[in-house]
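Analysis of the macromolecular model
Residues per chain are reported as follows:
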Amino acid sequence: MPYASEFVTNSLGNSSRFLISSFSFFIFHFSSPWGLLALLSVPIILFLHFFRERRMIRKIGGLHLWEFASIKLPSGRRFDKLIKNLPLLFQLLAAILLSLLIAGLDIPQTGKTRHYTIILDDSLSMQAAKENSPVIKAKKLALDWADKKDRFTVIASGLEPRVIAGPFASSDELAAALDKWEPQSPRCELDKAVNLASKFVTGEEKILFITDDAIQAEPFDKILATCALGSPVSNSCISLADRVRIYPGKDKVFVSLQVFDDKEKEIAVSARIQNQIIFQEKVNLVPDKVHSLSFETDGVEETLEIFITDDDLSADNSVILPPVIIKPVYVNFSGFGDFSDYFKKALLSVPYTILVEEPDRAHLVFTTQKDFTSKNANLRIYLFPEAAEPENSALAQGRDIVFELANPLTENLSFDGVLWPYVPLQFTPVELPLISHQNQPLLFLESQKDILKTFHVNLLWDRTNIYRHPAWPTLVFSIVEECREVIPGLNRSSFRVGEDIALGVEPDPKRKKSFSLVKDKEPFAEYEEIPAVLSELNGGRYEIFQEKDLLLASFSVNFFSPDESNLMSLNSRKVDLTKLLPATLVQARRNMLLHYALLISILVFTGLSWVYHELYH
Amino acid sequence: MRALVLRLLRAHLSQSRTDENIIPRATFDGTDLTLQNTNLTYTNRNLIEGYARKYDILLPERHKSFLIGELSGKRAGSSIEYQDRRDYVPGDDIRHIDWRAFARTDRLSVKLYREEICPVLDIIVDTSLSMCVTSEKSLRRMDLFYLFYLLGRKINAVTSLFNLGQNLQRLLSPMDITSMSDIRQDTPIPLLKSSGIARKSGIKIIISDFMFPFSPEELIATFRAADRLILIQILSSFEDDPEEGGFVRLVEAENDEYLDIALNKATIDGYRIRLKKLKDDLDRQTRVAQGAYTCIRDLDSLDLMIEKLLRAKVINVK
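Residues numbered from 1 in each chain as written. Chains lettered and ligands numbered in written order. Predicted model: local features only at pLDDT ≥ 70, side-chain atom pairs only at ≥ 80, totals over all residues. Heavy atoms only, no water.

1. As for the overall build of chain B
Put simply, the rule reads: Secondary structure follows DSSP: runs of H or I at least 4 residues long count as helices, runs of E at least 2 residues long count as strands, and numbering of each begins at the N terminus. For each residue, the accessible area found with a 1.4 Å probe, counting protein chains only, is set against the maximum for its type, and the residue is called buried under 20%, exposed over 50%, and partly exposed in between. We call two residues in contact whenever any of their non-hydrogen atoms come within 4.5 Å of each other.
What chain B contains, in helices and strands, is 10 helices and 12 strands. Relative to its full complement of 318 residues, chain B shows a buried share of 53%. The long-range share in chain B, meaning contacts at least 24 apart out of those at least 6 apart in sequence, stands at 75%.

Printed below as a string of structure tokens:
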């Protein structure tokens, strides 16, 4: 039974302490020091013995008939009585021992053992070569080497390091953790894992790193003892695939393929919808060259699966592409008079944008009404000033216009040649400036209240030439797309492994807050609140349900990591495991003998207290 | 006419005694009972008077020196009521020789007349502090005292009331003990021995808890001159039948001495054995002396109290 407190002493004799959750006094050890508060029962018992009315008084005649039963009470002063009062003494002893038991009194039994820290390469390439994969070799190596008496801390190094066994796990716990271990990460972020592992090592101890590629460990040679178990393997993969809606009822699918080999390789690419092959093509892949192909499909509402000829690494040979998610943006604009056509042209050039007459229905509103209000919760409002007298306005031109923030709305825009007439000092500087002129006049500002954002565009519409500038349709496109992203729901249906997935879905408020994530039709996780972002998901098809039957979102995660698919760089390196210089672990185990002795003593003293109480009284 | 003469004679004789105790001697007929101190609170008064109407005190079959009275005795006596005749033996009153029969039969025979007696009743009540350990015990003592007082009056007995406290004092009325301060006593036997009451004949009724240190034989012997000795023991429920409990300090009501005891089974069993021996001794000794003994518990109902008195042949149905 592992004890709460364990000490590690390195080969130099220095010691440091881990998992401090207890309190030590001399050789005694208390696992729950607060339990000593139970000692307060001692004065309470004394108080009761001092002050309680010990005997009921009864007046009778014929006292001589009772003389045979007279009790000889302790004589002397009250303190003497107390000392001689055996039941009280036994009660006090029982209370003290019980307090010590609650406080977890222990004189720990200590024993020395060695502690090893191990980092396992958690990248997918460890699964290459199937029956003879590095992961199988790693498991065998670790289990053959691990001594029953030793302790282990095992860290899997993927995108984020995670402790899969320990800290200070036994060999059985190590075996169980290795049995469950399946490398899935798109890459091995070794520096993070080393940073975590170094917290468990002391002195000269070296961390055992088991990988399939020793080269990545070279920067950490001083602290790592690297054991590489890989060997170069030919591999081909789908390095990228996506589908887009080219027009209603028709999707276009793009696929990129790569081969990692010394020579050309011919593979078959297939696509199927519900087990029906809709596309098939043989491709001759050339090393170090990406081969792309595309095809169109009418099955816009169906999930599409693309796969290539299987090889030693299966995870990168297939891709799942769910139906494209379309979120139309409803736009309303008003108050621009003759210039409305410029707006209309720019807006209609953005796909899935619908112009509406009623501002209440619109996600996105362009208006010159200063006090614009709407019953609907519009997501974005762009507020332009009404026309001003020429003498009251100023002008910003082209390169004088400054982009304040790296905002998606203004990213990659050039306003060369743009005339930007504005009303000076129209806005207070409270809002977040996006575009300004020489830091003084605020031209384009953002203010936010919850999810609703209002953009103040200090642009006198009737005197600008911006709508004739090439930046204009790009700006409008960015505005619409930025609005589209905040419309509830997923923006994409296909993600890559390691990518953070912003869900953005809105649950049904009338239903219970019970959410489940299903992977490939199997329950994967349960949530009480729908997570804003899902991260570190492995490849597969995912669905999120509310109350297990209301589908909120559906998406797939595919393994697109050409670097990881390149198995030609895998190599091997042997390591001398005897030179790991493991830390000496002074391990404390609970002294169960003391525990039982305390328990029995409490029972004995309680019993004696009762017996003496009966005898005396 | 004869009855009138006898009544006057008895009145004269009793007057000589009432000079001492001044007890009203009106005939008890259930209506004319008058008592002093009637303003005292005594809740069972009417009930006790009801019982007194219903029952009689049981008189002894033999008596040593009852006064001549109107109550018929069980022996032959000197009344005018003819009972029987028998052969003359020397020493018989020659006035009762039936000369007519002698003339007829040549045998000397004497006429026997029914005895007419006037019982003497001495009621001694224990007024020590132990009789008041519970209010019920005190009340039951009052009940019994008053009952015997009424029964004595009912038979026109020469009734004397005594309270047995620090001294043996005569009382004028049974109600006096309600206002009387209870007095400490240790053991009353020497007091009884030294008083004249014990040496006189008559019916002696002692109402006490008998929880003082004494020898029953000695007590009975003290009253060997009595025609009938009636011992009524009153005990509180705890004294009669204690129950197991915790840790108790028993305080002697008489002198505040105390004992700390644990009311466990062993203690209670030991006490019960001792109490039973006391009761058995009292019962046996009074039976030997042709007397009666019973034990009344303070929580006994009045009906149960009467039933116990009937069973002990202290009283009988009218």
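2. Details of the overall build of chain A
How we decide: Per-residue accessibility takes into account occlusion by the displayed protein chains alone, with areas from the Shrake-Rupley method and a 1.4 Å probe.
Per the secondary structure count, chain A includes 10 helices and 37 strands. Of all 617 residues assigned to chain A, the portion counted as buried reaches 46%. Entry remark: accessible area of chain A is about 32000 Å², with carbon and sulfur atoms responsible for 55%.

3. Observations concerning the sheet that holds strand E5 (residues 56-60) of chain A
Test applied: A pair of strands counts as paired when DSSP detects no fewer than two bridges linking them. For helices, the fitted axis covers only the stretch in contact; all axes are lines through C-alpha atoms, and the angles between them, taken along N-to-C directions, range from 0 to 180 degrees.
An order of E5(A)-E9(B)-E10(B) is seen for the three strands of this open sheet, with the pairing classed as mixed. The sheet is open, and its two edges are formed by E5 of chain A together with strand E10 (258-262) of chain B, each paired on a single side. Neighbour-to-neighbour, the strand axes of the sheet open up by a mean angle of 30°, direction not taken into account. In this sheet, E10(B) lies alongside strand E9 (residues 247-252) of chain B in antiparallel orientation, the contact comprising five bridges. Within the sheet, the bridge partner assigned to Leu250(B) lies in E10(B) and is Leu259(B).

4. A few points about the confidence of the model for chain A
Low pLDDT marks regions whose predicted coordinates should not be analysed in detail. In plain terms, the rule: What pLDDT expresses is the predictor's confidence in each residue, scored from 0 to 100.
Averaged over chain A, the pLDDT score is 80; the fraction of residues at 70 or greater is 89%. Contacts for the low-pLDDT stretch residues 1-21 of chain A, under 50 throughout, to residues beyond four places or in other chains number 52 contacts.

5. A short note on the packing of helix H4 (residues 135-154) of chain B against helix H10 (residues 302-311) of chain B
All names here are of chain B. Formally: Angles below 35 degrees are treated as roughly parallel, those above 145 as roughly antiparallel, those between 65 and 115 as roughly perpendicular, and all remaining angles as oblique. Crossing handedness: left-handed means the near helix sits turned counterclockwise from the far one by under a right angle, and right-handed means the same turn made clockwise. Classification used: nonpolar for Ala, Val, Leu, Ile, Met, Phe, Trp, Tyr, Cys and Pro, charged for Asp, Glu, Lys and Arg, polar for all others including Gly.
Between H4 and H10, the shortest axis-to-axis distance is 12 Å and the interhelical angle comes to 55°. Viewed along their axes, H4 and H10 adopt a mutual orientation that is oblique. Helix-helix and strand crossings are classified by hand; for H4 and H10 the assignment is right-handed. Note on element contacts: H10 touches H4 through Leu302, Met305, Ile306 and Leu309, opposite Arg140, Asp143, Leu144, Leu147 and Phe148. For the contact of H4 with H10, the class distribution of residues is seven nonpolar, no polar and two charged.

6. Looking at the pattern of salt bridges
Close approach of charged atoms allows side chains of opposite charge to pair. All names here are of chain A. Operational definition: Only one rule defines a salt bridge in this text: a Lys or Arg side-chain nitrogen within 4 Å of an Asp or Glu carboxyl oxygen.
Counted by the stated rule, this structure contains 40 salt bridges over all chains. Notably, a salt bridge pairs Arg187 with Glu189, separated by 2.8 Å at the nearest N-O pair. Owing to a relative accessible area of 44%, Arg187 belongs among the partly exposed residues under this scheme. Several salt bridges converge on common partners, so that one network encompasses Arg243, Arg245 and Asp251.

7. Focus: the side chain of Asn591(A)
Residues and elements named next belong to chain A. Operational definition: Counting of polar contacts relies on pairs of N or O atoms within 3.5 Å, with two restrictions inside protein: one atom must be capable of donating a hydrogen and the other of accepting it, and residues adjacent in sequence are counted only when both atoms are side-chain atoms.
Structurally, Asn591 can be placed in the loop between strand E37 (583-589) and helix H10 (592-616). The class for Asn591 is buried, based on a relative accessible area of 14%. There is a polar contact of 3.3 Å between the side chain of Asn591 and the backbone oxygen of Ile107. For Asn591, the residues in contact, after removing those within four places along its chain, are Asp106, Ile107 and Gln109.

8. A short note on the environment of Ser201(B)
Residue and element names in this part refer to chain B. For Ser201, the position within the fold is in the loop between helix H6 (189-194) and strand E7 (203-208). The class for Ser201 is buried, based on a relative accessible area of 14%. The spacing of Ser201 and Val120 is 81 residues in sequence and 7.8 Å in space, taken between C-alpha atoms.

9. Things to note about the layout of surface pockets
Residue and element names in this part refer to chain A. Note the threshold: The method works on a 1 Å grid over the protein atoms by themselves. A cavity is a set of points holding a 1.4 Å probe that cannot get out, a pocket is an open set with protein on both sides within 12 Å along at least five of seven lines, and residues with an atom within 4 Å of a point line them. Grid points are joined across faces, edges and corners, and a volume is the space filled by probe spheres set on the points. Note that domain bounds follow an automatic or database assignment of domains.
In this structure, the largest pocket occupies an estimated 570 Å³ of space. Forming the walls of the largest pocket are 25 residues, and the residues nearest its centre are Val244, Val324, Ile325, Asn491 and Arg492. Secondary-structure elements contributing two or more residues to the lining of the largest pocket are strand E12 (235-247), helix H8 (471-486) and strand E29 (494-496). No other element matches E12, which puts six residues into the lining of the largest pocket. Residue classes in the lining of the largest pocket are distributed as 12 nonpolar, three polar and 10 charged. Two domains share the lining of the largest pocket, each providing at least three of its residues, namely domain 3 (329-486) and domain 4 (494-558).

10. Details of unusual backbone geometry
In the Ramachandran plot, Phe168(A) falls in the positive-phi region, its phi being about 60° despite a non-glycine side chain. On the accessibility criterion, Phe168(A) (3% relative accessible area) is buried. Phi is positive for Asp106(B), which is not a glycine, with a value near 60°. Note that Asp106(B) resides in the loop between helix H3 (99-105) and strand E3 (109-118). According to the relative accessible area criterion, Asp106(B) is exposed, its value standing at 62%.

11. Topic: the nonpolar core
Across soluble globular proteins, nonpolar side chains have a tendency to be buried as a group. The criterion, for reference: Side-chain atoms within 4.5 Å link the members of a nonpolar core, which is a set of buried Ala, Val, Leu, Ile, Met, Phe, Trp, Tyr and Cys residues.
Of all hydrophobic cores here, the largest spans 41 residues; its most connected members are Phe148(B), Ile205(B), Ile207(B) and Ile232(B). Those elements giving two or more residues to this core turn out to be helix H2 (45-54), strand E1 (55-57), strand E4 (120-126), H4, E7, strand E8 (228-235), strand E11 (292-297) and H10 of chain B. If one sorts the elements of this core by residue count, H4(B) sits on top with nine residues. Residues within four places of Ile205(B) in sequence aside, it is in contact with Ile57(B), Leu121(B), Asp122(B), Ile123(B), Ile124(B), Phe148(B), Ile230(B) and Ile232(B). Core analysis: the next-biggest nonpolar cluster, separate from the first, contains 39 residues, Tyr382(A), Val418(A), Leu443(A) and Val476(A) among them.

12. A closer look at the sheet that holds E11(B)
All names here are of chain B. Strand order across the open sheet formed by six strands is E6-E5-E4-E7-E8-E11, with mixed pairing between neighbours. At either margin of the open sheet sits one strand with a lone partner, and together these are strand E6 (168-171) and E11. Across the sheet, the axes of successive neighbouring strands diverge by a mean angle of 20°, strand direction being ignored. As paired elements, E8 and E11 share six bridges and run parallel to each other. Considered in E11, the bridge of Ile234 is made with Ile296. Set on the sheet, H4 makes contact with E4, strand E5 (158-164), E6, E7, E8 and E11; between it and E4 the angle comes to about 170°.

13. Overview of the interface of chain B and chain A
Quick reminder of the rule: Simply put, the buried area is the total loss of 1.4 Å probe accessible area from both parts when two parts are fitted together.
Across the contact, 29 residues belong to chain B and 21 residues belong to chain A. Across the chain B to chain A interface the summed buried area is about 2500 Å²; carbon plus sulfur atoms make up 71%. The tally of links from chain B across to chain A stands at one salt bridge. For Asp256(B), the salt bridge goes to Lys59(A), with nearest N and O atoms at 3.6 Å. Here chain B is connected to chain A by eight residue pairs in polar contact (both at pLDDT 80 or more). Breaking the side of chain B that touches chain A down by element, the ones donating at least two residues are helix H8 (237-240), E9, E10 and helix H9 (265-288) of chain B. For the side of chain B that touches chain A, the per-class residue count stands at 19 nonpolar, three polar and seven charged. Judged from the five bridges that link them, E5(A) and E9(B) form a sheet pairing that is parallel. Of the residues in E9(B), the one forming a bridge with Met56(A) is Val248(B).

14. Some words on the confidence of the model for chain B
Residue and element names in this part refer to chain B. When the pLDDT values of chain B are averaged, the result is 79; 76% of them are 70 or greater. By mean pLDDT, helix H1 (residues 2-21) is the weakest element of chain B at 43, and E11 is the strongest at 94. Here residues 1-6 is modelled with pLDDT under 50, and outside its nearest four sequence neighbours on either side it reaches four contacts, counting other chains as well. For residues 8-39, every residue scores under 50 in pLDDT, and the model assigns this stretch 62 contacts once sequence neighbours within four places are set aside.

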